[in-house]
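Residue-level listing of the chains:
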Amino acid sequence: MTMLSGSCECGVCAFTVKRPPKARFICHCTLCQTFTGQLFSDVTVVRGADVTLVNTDHVVFRTYRPPPNIRRGACRRCGKPAIEVAGAGPAKIMFIPARNFARQDLLPPPRMRIFYDRRVADAVDDLPRHEGYWPSQFAVARLLMRGL
């Protein structure tokens with residue numbers, strides 16, 4: 001596999017990923033909408049141990065609400081999403097916006113849409129849609145368990 005790399009919009013907060021991403025999904029939750037400034041977030045999931053971050057001192061992390069305690073990191077310079085972190089140690093996973101990858105064509109295809117009840121606009125595709133907090137959380141958990 002070709003090593004994946006990418007960065008935030010201005011290039012300051014860069015990363016490399018040494019193993020293939022575990023999953024990819026599209027999230028329509030209001031937290032993702034606020035964090036990204038977009039209608040939804042196209043999220044690629046990788047193991048934390050497989051990611052090398054550059055210029056982490058330029059990433060400002062924020063937790064928008066308690067559990068599941070995803071820390072969402074934006075670049076200090078451009079203010080755009082850089083990376084999101086959940087868990088710790090061997091259970092640490094990172095959520096990286098698909099658009100941050102230099103070679104998006106090497107990413108797995110999105111497998112589902114979650115929090116679809118929070119959508120701003122209808123999607124025109126045939127991806128499975130999950131609505132509500134628990135159905136969305138369980139769908140992502142199942143996806144991650146298959147990918148890990």
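Located above this text is the structure these notes cover.
Figured I'd write up the structure that's included with this text. (Residues numbered from 1 in each chain as written. Predicted model: local features only at pLDDT ≥ 70, side-chain atom pairs only at ≥ 80, totals over all residues. Heavy atoms only, no water.)

### A closer look at the nonpolar core
The nonpolar side chains of soluble globular proteins are, as a tendency, buried together. Test applied: Side-chain atoms within 4.5 Å link the members of a nonpolar core, which is a set of buried Ala, Val, Leu, Ile, Met, Phe, Trp, Tyr and Cys residues. When a residue's accessible area, from a 1.4 Å probe over protein chains only, is under 20% of the maximum for its type it is buried; when over 50% it is exposed; and in between it is partly exposed. Note on conventions: DSSP H or I runs of at least 4 residues are helices, E runs of at least 2 residues are strands, and numbering of each starts at the N terminus.
Ranked by internal contacts, the top residues of the largest apolar core, which has 18 residues, are Phe25, Cys27, Val45, Phe95 and Ile114. Sorting the residues of this core by element identifies strand 3 (23-27), strand 4 (41-47), strand 9 (93-97) and helix 2 (133-147) as the ones contributing at least two each. The greatest single-element share of this core, amounting to four residues, is contributed by helix 2. One finds Phe15, Val46, Ile96 and Leu107 within the second-largest nonpolar core, a separate group that totals 12 residues.

### Some words on the pairing of strand 2 (residues 14-17)
For clarity, the threshold we go by: At least two bridges found by DSSP between two strands are what make those strands a pair.
Covered by surrounding structure in strand 2 are Phe15 and Val17 only, the residues Ala14 and Thr16 on the alternate face being uncovered. By the bridge criterion, four bridges tie strand 1 (residues 4-7) to strand 2 in an arrangement that is antiparallel. Pairing of Gly6 across the sheet is with Phe15, part of strand 2. Joining the antiparallel neighbours strand 1 and strand 2 is a turn of six residues, in which Gly11 adopts a positive phi near 95°.

Remember, this is a structural readout, not a statement about activity or role.
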